Amino acid sequence: MPDSATLRPGETTVELPPAADAQLRFIGRIRTPFKTRAECPRQGGADGPECRVEIDPLLEPALDGIERTDRIELLYWLDRSRRDLLTQSPRGSGELRGTFSLRSPNRPNPIGTSVVTLLRREGPVLVVRGLDCLDGTPLIDLKPARCDHAVRQREGAAHQG
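Below is a summary of the structure that appears in this document. This structure is a prediction, so every number in the text was calculated from the model and none was measured.

1. A short note on the overall build of the protein chain
Moving on, step 1. Scanning the protein chain from N- to C-terminus turns up one helix and nine strands.
Moving on, step 2. If you list the helices and strands of the protein chain from N to C, you get β-β-β-β-β-β-β-β-β-α.
Moving on, step 3. Pairs at least 24 apart in sequence give 79% of the contacts found in the protein chain among residues at least 6 apart.
Moving on, step 4. Entry remark: accessible area of the protein chain is about 10,100 Å², with carbon and sulfur atoms responsible for 52%.

2. Structural notes on the sheet that holds strand E8 (residues 125-129)
Moving on, step 1. Spatial ordering of the closed barrel is given by E2-E3-E8-E7-E4-E9, a layout of six strands whose pairing is antiparallel. In this sheet, adjacent strand axes meet at a mean angle of 45 degrees when their direction is disregarded.
Moving on, step 2. Bridge count for strand E4 (residues 71-77) against strand E7 (residues 111-122) is seven bridges, and the pairing is antiparallel. From the neighbouring strand, Glu-73 faces E7, where its bridge partner is Val-115.

3. Description of the layout of surface pockets
The rolling of a water-molecule-sized probe over the atoms marks out the regions of remaining empty space.
Moving on, step 1. Counted as a void, the largest pocket has a volume near 990 Å³.
Moving on, step 2. Lining the largest pocket are 34 residues, with Arg-37, Arg-103, Ser-104, Pro-105 and Asn-106 positioned closest to its centre.
Moving on, step 3. Among the secondary structure elements, those contributing two or more residues to the lining of the largest pocket are strand E5 (85-88) and E7.
Moving on, step 4. When residues of the lining of the largest pocket are assigned to their parent elements, the largest contribution, three residues, is made by E7.
Moving on, step 5. Residues belonging to the lining of the largest pocket are distributed by class as follows: 13 nonpolar, 10 polar and 11 charged.
Moving on, step 6. Taken together, 12 residues line the second largest pocket, and the ones lying closest to its centre are Leu-16, Pro-17, Ala-19, Arg-83 and Pro-108.
Moving on, step 7. Along the lines of polarity and charge, the residues of the lining of the second largest pocket split into seven nonpolar, one polar and four charged.

4. Re the sheet that holds strand E1 (residues 12-13)
Moving on, step 1. Across the sheet, which stays open at both edges, the three strands sit in the order E1-E5-E6 with antiparallel pairing between neighbours. Both edges of this open sheet fall to E1 and strand E6 (97-98), since each of them pairs with a single strand only.
Moving on, step 2. When E1 meets E5, the two strands line up antiparallel, connected through two bridges. Following the sheet pairing, Thr-12 is matched in E5 by Thr-87.

5. What about a nonpolar patch on the surface?
Moving on, step 1. A cluster of nonpolar residues, Val-14, Leu-16 and Leu-86, forms a patch on the protein surface that exposes about 240 Å² of accessible area.
Moving on, step 2. Position of Val-14 relative to the elements: it lies in the loop between E1 and strand E2 (28-31).
Moving on, step 3. In this structure Val-14 comes out as partly exposed when scored by relative accessible area, which is 30%.

6. Re the nonpolar core
Moving on, step 1. With 19 residues, the main nonpolar core has Leu-74, Leu-126, Val-128, Leu-131, Leu-139 and Leu-142 as its most contacted residues.
Moving on, step 2. Only strand E3 (50-55), E4, E7, E8 and strand E9 (137-144) provide two or more residues apiece to this core.
Moving on, step 3. Ignoring anything within four residues of it in the chain, the contact list for Leu-142 reads Ile-27, Ile-55, Leu-63, Ile-66, Glu-73, Leu-74 and Leu-126.

Reading the values: the criteria
Residues numbered from 1 in each chain as written. Predicted model: local features only at pLDDT ≥ 70, side-chain atom pairs only at ≥ 80, totals over all residues. Heavy atoms only, no water. Helix = DSSP H or I, 4+ residues; strand = E, 2+ residues; numbered from the N terminus. Contact = heavy atoms within 4.5 Å. Areas by Shrake-Rupley, 256 points an atom, 1.4 Å probe, with all protein chains shown as cover. Pairing = 2+ DSSP bridges. Axes fitted to C-alpha atoms, helices over the stretch in contact; angles between N-to-C directions. 1 Å grid on protein atoms, 1.4 Å probe; cavity = no way out; pocket = protein on both sides within 12 Å on 5 of 7 lines; lining within 4 Å. Points joined across faces, edges and corners; volume = space filled by probe spheres on them. Nonpolar A, V, L, I, M, F, W, Y, C, P; charged D, E, K, R; others polar. Patch = residues over 30% accessible without salt bridge, like charges linked within 9 Å, V, L, I, M, F, W, Y side chains within 5 Å. Salt bridge = Lys/Arg side-chain N within 4 Å of Asp/Glu carboxyl O. Buried < 20%, exposed > 50% of the residue type's maximum accessible area, 1.4 Å probe, protein only. Core = buried A, V, L, I, M, F, W, Y, C linked by side-chain atoms within 4.5 Å.

Written out as structure tokens, the structure is:
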């Protein structure tokens, strides 16, 4: 974790006890061209580079049917983020804000989320576009984007009526 010398003016931290109330099983790794936080886009875009979501091969059957959607939501663990910031100064703003009012990766539970475009599936690998995380980021979960599911649900209900 970065030391206090990396704090921006006005930023504050808190010393928290070790987290012991939840256990996650990483289901894979995300491969992006981004090696440093400075290289990461602020939020991924549809015109971003192709990235790979590498699922543990033991979990490959859980991907069956994922090709039915073109947008998926990824949840990932921002493993190189600070977890002690209460207030932060967003890049270049000079303004001080509370951590929970920002989309910063630095937070008590550094969970990232992106809705990405699914380009194709290659066995246990999903090739996507729209990510904004560092190469090697652990994957927590993935699911069809909410709006895709909601549209299908409404269409299904209309056909039943």
